[in-house]
Amino acid sequence: MGRSRLQRKVARGDEYAGDGYDSLSSLSSDVRWSDGNPNVLEETQSNNSGLEGCLDALYEKRAAKREAGLKGLIRIMSREVLSNYIADKYETLSHQILACMKKGGSSEIALAARALGLLVLTLGAGDATLRVKEQVEPYLLKVANLASSSNARISALDAVAIVTFVCNVARDTRDMMGFLWQIVCPTNDEADQKLKLQKPPEAVKFAALSGWTLLLSSLPPYLVSESLVVSCLPVLSSLLQSSDLAVRKAAGDAAATLYEASPECTEISNDSSGTSVGDVGSTEQLLTQSDPLKDVTKEQMLHEMKNLSVGSTTKWQTRKERVAYRKSFRQMLTTLEDGVPREVKVKVPKCKVLTIKTWNDTVQMNGLKRYLGDAGFNAHMQSNILLHEIFDVELEEKRVRVCDLQLNPTEKRMLFSPNSMACKARTKQLNRTRLSNQDLWH
């Protein structure tokens, strides 16, 4: 018996063939074809048409088709920086992605939140981003706080941190840090107990703490006061003893960022719990209300980090992961002990070598790399103006090699043959240089 059209698509391995959506099934092949094409204009047009197909899929009634469209948007926006297209279509994209978040299940909500974060990251800072933030932030906060799915909460927490980081408004940043800190260190009041927020999963806690540290790195130094360090450090010290390795690493990053931003806080005194926090913002008020242990000193924090820098790994980690884990805590110790900013050189394709001199830059680079992935981070570092401004990226000058030129046989003989005029001129120049060098020695 003959096979149906759908069965033939599945046999060929076409993507999204099960959804019956032809424009999406050609998306991955368009992107693969354009990777080998030297014409950048055709590649951009192919990705634009792919985004159009994904946007059309968001209008479908079936959840599977909408999820396929969201996956396509995420794949393209994480690997390509289509600034012009996003600038023209951001209102339509944000409206449809938000519609998917309102009526979809947990998996669709997680995909929609990630797509919103990538949309804002591509759009960059400006009035358009502020309008998108005002539209989507209430729904992201609701999902991050009340969603039953951990994946949806993590995706919403990552997205709301990215959106706030890109907008870079100091008051909004401090308010969002207060919201994230409530998840990291719940107040255990009656409202939280009714909503079952007193014990978030470790993965959710890691996402909230990573977002909090990313926003902390964007604050100007005068907003990071000693009272903020005093309030946060006891909680971070307790998180260093967490059973989850990712939470320990995030707590260490937050502690190092705090000390680097407030170098005058060389010692934590036990009687500093009465410090006034009214002038610092809602974050410190929430931290003070959480009532953590106040007797943590800097020496105790250093002792815990030293232990983590030599051990406390798990058996399922690879050797490379164990080495990177211990190395990160040794770098944190350097920041806390000596107060010397760490300096790391990072090589990004098609860019000049980046010099990361502060822990704030390290936190921002790691946070964006975790959100975009390695390939997406390299692509955005090359083409995203926002990342150029954050890290002072300088692109390498494109050098045209002779082997890349399209030459006919006659031109090749004129350029490469030993009897060509160009080769004879090079030989004469080398002979003159050689004779002049001999005259200098005699």
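Every value quoted in this text rests on a predicted model; they were computed, and no experiment measured them.

1. Some points on the overall build of the protein
- Of regular secondary structure, the protein possesses 21 helices and two strands.
- Counting only residues that meet the buried cut, the protein has 48% of its 442 residues in that class.
- The contacts of the protein with a sequence gap of at least 6 include a subset with a gap of at least 24, amounting to 70%.

2. Topic: unusual backbone geometry
- A positive phi is found at N168, a non-glycine position, where the angle reads about 55°.
- Along the chain, N168 falls in the loop between α9 (150-167) and α10 (170-184).
- Residue class for N168 comes out partly exposed when judged on its relative accessible area of 48%.
- Positive phi, close to 65°, is recorded for K350, a residue that is not glycine.
- Counting through the fold element by element, K350 comes out in the loop between β1 (344-346) and β2 (354-356).

3. Focus: the packing of aromatic side chains
- All told, the structure shown has one aromatic pair when counted by the stated rule.
- Ring plane angle 45° and centroid distance 4.8 Å describe the contact between W181 and W212, whose orientation is recorded as tilted. Taken as a pair, W181 in helix α10 and W212 in helix α12 (residues 202-218) lie far apart in primary sequence, 31 residues in all. In this structure, W181 and W212 share a single accessibility class: buried.
- The ring of Y371 has R114 lying over it, and the distance from NZ or CZ to the ring centre is 4.9 Å.

4. Description of the environment of G72
- Along the polypeptide, G72 turns up in helix α5 (residues 63-79).
- You can call G72 buried: its relative accessible area is 0%.
- C-alpha separation for the pair G72 and L51, spaced 21 residues apart in sequence, amounts to 7.4 Å.

5. Some thoughts on the packing of α12 against helix α18 (residues 359-383)
- Two elements in contact, α12 and α18, have axes separated by 9 Å at closest approach and are oriented at 135°. Classified by the angle their axes make, α12 and α18 are oblique. For the pair α12 and α18, the crossing hand works out as left-handed. Across from F206, S210, T213, L214, S217 and S218 in α12, the residues of α18 making contact are N360, V363, Q364 and R370.

6. Description of the pattern of salt bridges
- Under the criterion given, the structure shown has nine salt bridges.
- In this structure, R66 engages E108 in a salt bridge whose closest nitrogen and oxygen atoms are separated by 2.7 Å. Here E108 lies in helix α7 (residues 106-123) and R66 lies in helix α5, a separation of 42 residues in the sequence.
- Take R66: its relative accessible area is 5%, and that puts it in the buried class.
- With a closest N to O distance of 3.5 Å, R370 and D158 form a salt bridge. Within this pair, whereas R370 is found in helix α18, its partner D158 is found in helix α9, the two being separated by 212 residues in sequence.
- Its relative accessible area of 41% is what places R370 among the partly exposed residues.

7. So, the state of the cysteines
- Tallied over the entire structure, the rule returns zero disulfides.
- The closest cysteine sulfur to the non-disulfide-bonded C232 is located on C185, 9.4 Å from its own sulfur.

8. Describing helix α14 (residues 245-261)
- In this model α14 runs 24 Å from its N-terminal to its C-terminal C-alpha over 17 residues, within 8% of the 24 Å that 1.5 Å per residue would give.
- The N-terminus of α14 is capped by D244, whose side-chain oxygen sits 3.0 Å from the backbone nitrogen of A246.

9. Section: the side chain of S210
- Turning to its location among the elements, S210 is positioned in helix α12.
- With relative accessibility at 16%, the residue S210 sits in the buried group.
- A distance of 2.9 Å separates a polar atom in the side chain of S210 from the backbone oxygen of F206.

10. So, the nonpolar core
- L209, W212 and L236 are the most contacted members of the largest nonpolar core, which totals 109 residues.
- Sequence-distant contacts of L236, defined by excluding residues within four places in its chain, comprise W181, L209, A251, A254, A255, L258 and M301.

11. A look at the confidence of the model for the protein
- Chain-level statistics for the protein give a pLDDT mean of 76 and a share of 74% at 70 or above.
- Averaged over each element, pLDDT in the protein is lowest for helix α3 (residues 27-35) (37) and highest for α9 (94).
- Taken together, the stretch residues 1-41 has pLDDT below 50 and engages in 48 contacts with residues farther than four places along the chain or on a different chain.
- Counted against residues more than four places away or in other chains, residues 265-296, with its pLDDT under 50, gives 59 contacts.

12. A short note on the packing of α5 against helix α6 (residues 83-103)
- Running from N to C, α5 and α6 point in directions that differ by 140°, and their axes come no closer than 12 Å. Between α5 and α6, the angle falls in the class oblique. Considering only the axes of α5 and α6, their crossing is left-handed. Contacts from R66, L70, L73 and M77 of α5 reach α6 at I86, L93, I97, C100 and K103.
- Its residues placed into classes, the contact of α5 with α6 shows seven nonpolar, no polar and two charged.

13. Some words on the side chain of T122
- Following the sequence through the fold, T122 ends up in helix α7.
- When residues no more than four places from it in sequence are discounted, the contact partners of T122 are M77, V81, L82, S83, I86, H380 and N384.

14. Brief notes about α7
- Compared with an ideal rise of 1.5 Å per residue, which puts 18 residues at 26 Å, α7 spans 26 Å between its outermost C-alpha atoms and is within 8% of the ideal.
- Where burial is concerned, most of α7 is hidden: 15 out of the 18 residues are buried.
- At the C-terminal side of α7, G124 shows a positive phi close to 80°.

Thresholds applied
As a convention, each chain's residues are numbered from 1 in the sequence order in which they are written. Selection of residues for local features in this predicted model requires a pLDDT of at least 70, selection of side-chain atom pairs for listing and counting requires 80 or more, and totals for whole chains, interfaces and linings are taken over all residues. Side-chain calculation: all heavy atoms of the structure are included, whereas hydrogens and water are not. In this description a helix means any DSSP run of H or I spanning at least four residues, a strand means any run of E spanning at least two, and both kinds are numbered starting from the N terminus. Only protein chains enter the accessibility calculation, which uses a 1.4 Å probe; a residue whose area is less than 20% of its type maximum is buried, one above 50% is exposed, and one in between is partly exposed. Any pair of residues with heavy atoms lying within 4.5 Å of one another is described as a contacting pair. Pairing of aromatic side chains here covers Phe, Tyr and the six-membered ring of Trp, requires ring centres within 6.5 Å, and sorts the geometry by plane angle: under 30 degrees stacked, over 60 edge-to-face, intermediate tilted. The criterion is that NZ of a Lys, or CZ of an Arg, lies within 6 Å of the ring centre and within 35 degrees of the ring normal, and then a charge sits over that ring. The angle between two axes is taken between their N-to-C directions and runs from 0 to 180 degrees, where each axis is a line fitted to C-alpha atoms and a helix contributes only its stretch in contact. We call two directions roughly parallel when the angle between them is under 35 degrees, roughly antiparallel when it is over 145, roughly perpendicular when it lies between 65 and 115, and oblique otherwise. We call a crossing left-handed when the near helix sits turned anticlockwise from the far one by less than a right angle, and right-handed when that turn is clockwise. The rule for a salt bridge is simple: a side-chain nitrogen of Lys or Arg has to be within 4 Å of a carboxyl oxygen of Asp or Glu. Disulfide: a pair of cysteine sulfur atoms within 2.5 Å of each other. Expected span of a helix, by definition, is 1.5 Å for each gap between consecutive residues, and there is one gap fewer than residues. In the analysis that follows, any N or O atom pair within 3.5 Å is treated as a polar contact, provided that within protein one partner can donate a hydrogen and the other can accept it, and provided that, for residues neighboring in sequence, both atoms belong to side chains. We define the nonpolar core as a collection of buried residues of types Ala, Val, Leu, Ile, Met, Phe, Trp, Tyr and Cys that are connected through side-chain atoms lying within 4.5 Å of one another. Values of pLDDT, which run from 0 to 100, indicate the predictor's confidence residue by residue. Charged means Asp, Glu, Lys or Arg here, nonpolar means Ala, Val, Leu, Ile, Met, Phe, Trp, Tyr, Cys or Pro, and polar covers whatever is left, Gly included.

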